[in-house]
Amino acid sequence: HDFDHWVTHSNGARLVRDRAQAAAGNHSLKLINQELGGTAGARREIEPFAAGQFPILSFDMRMTEPVRLDLLLNAGGVDYRVGLTDSEFINTATVLTRLGPIEPDGEWRHYTVDFAKLMFEHEYHKKHFIVNNIRFEDYAYQSNARGAPVWIDNFFLLPSLSSAGKGFALNWSASDL
């Protein structure tokens with residue numbers, strides 16, 4: 001639950017550590033859209049990484065009223081999106097997949113995305129797999145209400161297992177052999 005590395009993106013969301021609402025643990029990250037027609041944007045500050053090193057992104061999300069936003073990542077200068085609730089209208093980010101349903105009913109929902117696998121299915125370009133930006137944002141026609149909230153919790157980039165570098169030891173036993 002490391003929320004210290006989230007920042008407002010594109011004059012988007014005011015970020016609040018909400019101790020009253022959490023999918024798990026003691027708090028969640030509440031994104032509050034700051035202006036009528038705002039992006040509701042929040043960016044996770046990261047060091048650029050190869051998508052194959054951390055291929056899976058997992059998070060919980062909750063809405064109590066309609067908010068348009070997608071999960072976006074930038075790799076090699078191209079914006080990719082995992083569709084959440086944003087409009088298709090004038091949305092130029094390359095679609096990786098769409099998640100849903102995402103209803104503004106106050107219920108927490110868990111999402112897991114193998115974005116590296118989805119990126120591998122798209123046309124290759126220079127630095128295609130180097131992710132340098134991950135964010136939630138209304139990327140298309142911006143139409144969010146002022147004060148509209150979204151909660152994010154348990155946001156994790158999951159590492160791949162690899163024997164490269166220091167490697168790892170794999171041991172198992174079976175009682176039926």
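Before reading further, recall that the structure is shown in the block above.
Owing to the predicted nature of the structure, the values given are computational and were not obtained by experimental measurement. (Residues numbered from 1 in each chain as written. Predicted model: local features only at pLDDT ≥ 70, side-chain atom pairs only at ≥ 80, totals over all residues. Heavy atoms only, no water.)

Engineer: For this particular structure, what's the right way to read the overall build of the chain?
Structural biologist: Across its full length, the chain carries one helix and 12 strands. Along the chain, from the amino end to the carboxyl end, the secondary structure elements read β-β-β-β-β-β-β-β-β-β-α-β-β. Considering the chain as a whole, with its 177 residues, one finds that 43% of them fall into the buried category. Surface summary for the chain: the accessible area is close to 9,600 Å², and the carbon and sulfur share equals 50%. (Helix = DSSP H or I, 4+ residues; strand = E, 2+ residues; numbered from the N terminus. Buried < 20%, exposed > 50% of the residue type's maximum accessible area, 1.4 Å probe, protein only. Areas by Shrake-Rupley, 256 points an atom, 1.4 Å probe, with all protein chains shown as cover.)

Engineer: Looking at this structure, I do not really get the side chain of His 27. What am I missing?
Structural biologist: Assignment of secondary structure puts His 27 in the loop between strand 2 (13–18) and strand 3 (28–33). Residue classification places His 27 among the buried residues on the basis of a relative accessible area of 10%. Polar side-chain contacts of His 27 include one of 3.4 Å to the side chain of Arg 17. (Polar contact = N/O pair within 3.5 Å; in protein donor to acceptor, adjacent residues only side chain to side chain.)

Engineer: What should I look at first to understand the environment of Glu 107 in this one?
Structural biologist: As for its placement among the helices and strands, Glu 107 is situated in the loop between strand 9 (94–98) and strand 10 (109–114). Given the relative accessible area of 47%, Glu 107 is considered partly exposed. For the pair Glu 107 and Met 63, spaced 44 residues apart in sequence, the C-alpha separation works out to 7.2 Å.

Engineer: Help me understand the nonpolar core in this model?
Structural biologist: Within soluble globular proteins, side chains that are nonpolar tend to cluster in buried spots. Within the largest apolar cluster, 36 residues are counted, with the highest numbers of intra-cluster contacts made by Phe 59, Met 61, Phe 115, Met 119, Val 131 and Phe 136. When contributions to this core are tallied by element, the ones reaching two or more residues are strand 3, strand 6 (56–63), strand 7 (70–75), strand 8 (78–83), strand 10, helix 1 (115–120), strand 11 (130–137) and strand 12 (149–158). When residues no more than four places from it in sequence are discounted, the contact partners of Met 61 are Leu 69, Leu 84, Ile 102, Glu 107, Trp 108, Arg 109, Tyr 111, Val 150, Trp 151 and Ile 152. (Core = buried A, V, L, I, M, F, W, Y, C linked by side-chain atoms within 4.5 Å. Contact = heavy atoms within 4.5 Å.)

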